[in-house]
Structure formats: C-alpha cells, structure tokens
Amino acid sequence: MALERTFSIIKPDATARNLTGKVNAMIEAAGLRIVAQKRIRMTRGQAETFYAVHSARPFFGELVDFMTSGPVVVQVLEGEGAVAKYREVMGATDPSKADAGTIRKELALSIGENTVHGSDAPETAAIEIAQFFSGNEIVG
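As the structure is a computational prediction, the values presented were derived from the model and not from experiment.

Here is what the cut-offs are and how they apply
Note on numbering: residues in each chain are counted from 1, in written sequence order. The predicted nature of this model means local features are confined to residues of pLDDT at least 70 and side-chain atom pairs, given and counted, to a pLDDT of 80 or more, with totals for whole chains, interfaces and linings taken over all residues. Excluding hydrogens and water, the side-chain figures rest on all heavy atoms present in the structure. Throughout this description, the term salt bridge denotes a Lys or Arg side-chain nitrogen within 4 Å of a carboxyl oxygen of Asp or Glu. Helix and strand labels come from DSSP, where a helix needs a run of H or I of at least four residues and a strand needs a run of E of at least two; each type is numbered from the N terminus. Exposure classes here rest on a 1.4 Å probe applied to the protein chains alone. A residue is buried below 20% of its type maximum, exposed above 50%, and partly exposed in between. Think of a nonpolar core as a cluster: buried Ala, Val, Leu, Ile, Met, Phe, Trp, Tyr and Cys residues, connected wherever their side-chain atoms sit within 4.5 Å. We call two residues in contact when some of their heavy atoms are within 4.5 Å. To pair, rings of Phe, Tyr and Trp, with the six-membered ring standing in for Trp, must have centres within 6.5 Å; the planes then decide the type, stacked if under 30 degrees apart, edge-to-face if over 60, and tilted in the middle. A positively charged side chain is recorded as over a ring if its NZ (Lys) or CZ (Arg) lies within 6 Å of the ring centre. The angle to the ring normal must also be within 35 degrees. UniProt positions are given in the numbering used here, feature names are shortened, and annotations may be inferred rather than shown by experiment.

### Looking at the pattern of salt bridges
- With the rule as written, the count across this model stands at six salt bridges.
- Note that Glu78 and Arg5 form a salt bridge whose closest N and O atoms lie 2.9 Å from each other. Placement of the pair is Glu78 in strand 3 (residues 72-80) and Arg5 in strand 1 (residues 3-10), with a sequence separation of 73 residues.
- Residue Arg5 is classed as partly exposed on the basis of its relative accessible area, which comes to 33%.
- Between Arg44 and Asp65 there is a salt bridge, and its shortest N-O distance comes to 2.7 Å. Taken together, the residues span a long stretch of sequence, with Arg44 in helix 3 (residues 44-50) and Asp65 in helix 4 (residues 60-67) at a distance of 21 residues.
- The class of Arg44 is partly exposed, set by a relative accessible area of 41%.
- You can call Asp65 partly exposed: its relative accessible area is 41%.
- Residues participating in the shared-partner salt-bridge network are Arg5, Arg33 and Glu78.

### Let's talk about the nonpolar core
- In terms of nonpolar packing, the biggest core is built from 21 residues, with Phe7, Ile9, Met67, Val74, Phe132 and Phe133 touching the most fellow members.
- At the level of secondary structure, the elements contributing two or more residues to this core comprise strand 1, strand 2 (33-40), helix 3, helix 4, strand 3 and helix 7 (122-132).
- For this core, the leading source of residues is helix 4, giving five residues.
- Sequence-distant contacts of Met67, that is, excluding residues within four places in its chain, are made with Ile9, Lys11, Pro12, Met42, Ala47, Tyr51 and Val72.
- Membership of the second largest hydrophobic core comes to 16 residues, among which are Ala14, Leu19, Leu32 and Leu107.

### Some points on the packing of aromatic side chains
- Counted under the stated rule, the structure contains four aromatic pairs.
- Ring centres 5.6 Å apart and planes at 10° place the aromatic pair Phe7 and Phe132 in the stacked group. Taken together, the residues span a long stretch of sequence, with Phe7 in strand 1 and Phe132 in helix 7 at a distance of 125 residues. Side by side, Phe7 and Phe132 carry an identical accessibility label, which is buried.
- Sitting over the ring of Phe133, Lys38 keeps its end group 4.8 Å from the ring centre.

### Looking at the environment of Ile127
- One can find Ile127 in helix 7.
- In sequence terms Ile127 and Thr43 are 84 residues apart; their C-alpha atoms lie 18 Å from each other.

### Description of the UniProt feature "active site" (unreviewed entry) in the chain
- Per the UniProt record, the feature "active site" (unreviewed entry) sits at His117.
- One can find His117 in strand 4 (residues 116-118).
- Look at His117 and you get buried, because its relative accessible area is 13%.
- With sequence-adjacent residues up to four places away left out, His117 is seen in contact with Phe7, Ser8, Ile9, Lys11, Phe50, Tyr51, Tyr86, Met90, Arg104 and Glu128.

Structure (structure tokens):
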C-alpha cells in the first residue's frame, strides 16, 4: 500500500469533553502520523463549504450549526493507506454499530455527535486538506 494523507476533524462534542489527546493516541496507536494539527473555530462559511455535498439534505443547517458551535481540531494524517486505515479507526458513523476499540464506539455520544470526521477517498482528502492547511503547515 502507498503512503498517503487523509484529513481528520475532531468535532466540537469531543473538544468540549477534552478528548483531543485520547483521539490522537488512538490515531497514533493505529500507525498513523499526525503531520499537521491546529485547533480552530470553524466559521459558518467554512462549514458550509466543507459540507456543501450535503447542502440539499434536511440535516445540513443542523450540521453547520453543530460544527460552528465550538472549537474543532483539524488534522492531516499520514500513513500506509491512510484514508482506509483512519476510516477503520473511526468506526461506523452510528456509535452503537461501531466495532469495539474504534474512536466512535469508545468516545462518541450519538450519530450526530460522533467525535470525528475523516475523508472518504484520497481525492476528497486532498480537497479537504487544502481548505484548512497551506503546504508549509504540513510537516511530515
């Protein structure tokens, strides 16, 4: 498998509960490296752009409100097959259906407050990374 990068967000429900360190430990235990990370307050415009793919769905407004409700931690993760590996580490969107030992099974509160976001494909990861990081902020 090739070395690749993926994008991660530790969501407001997790930062409010001081879970950044626990999430990072689970990421690193899975063999992924955190090569860029910053804590930000996502603006409404950033959230609307980021989740534009969901703009026609009924939950879009609620999602944007949630993602702008508190600080998030945006990250670039690197490793062999990083996109698939991180999706495995995150677990199913619904924490009740996630495998034991995954971030969502262990830390998420609900389907909506599910602790983390991860890119679904290398192409998506590149777009998401570019929205929040410039090249000189990523140090592998």
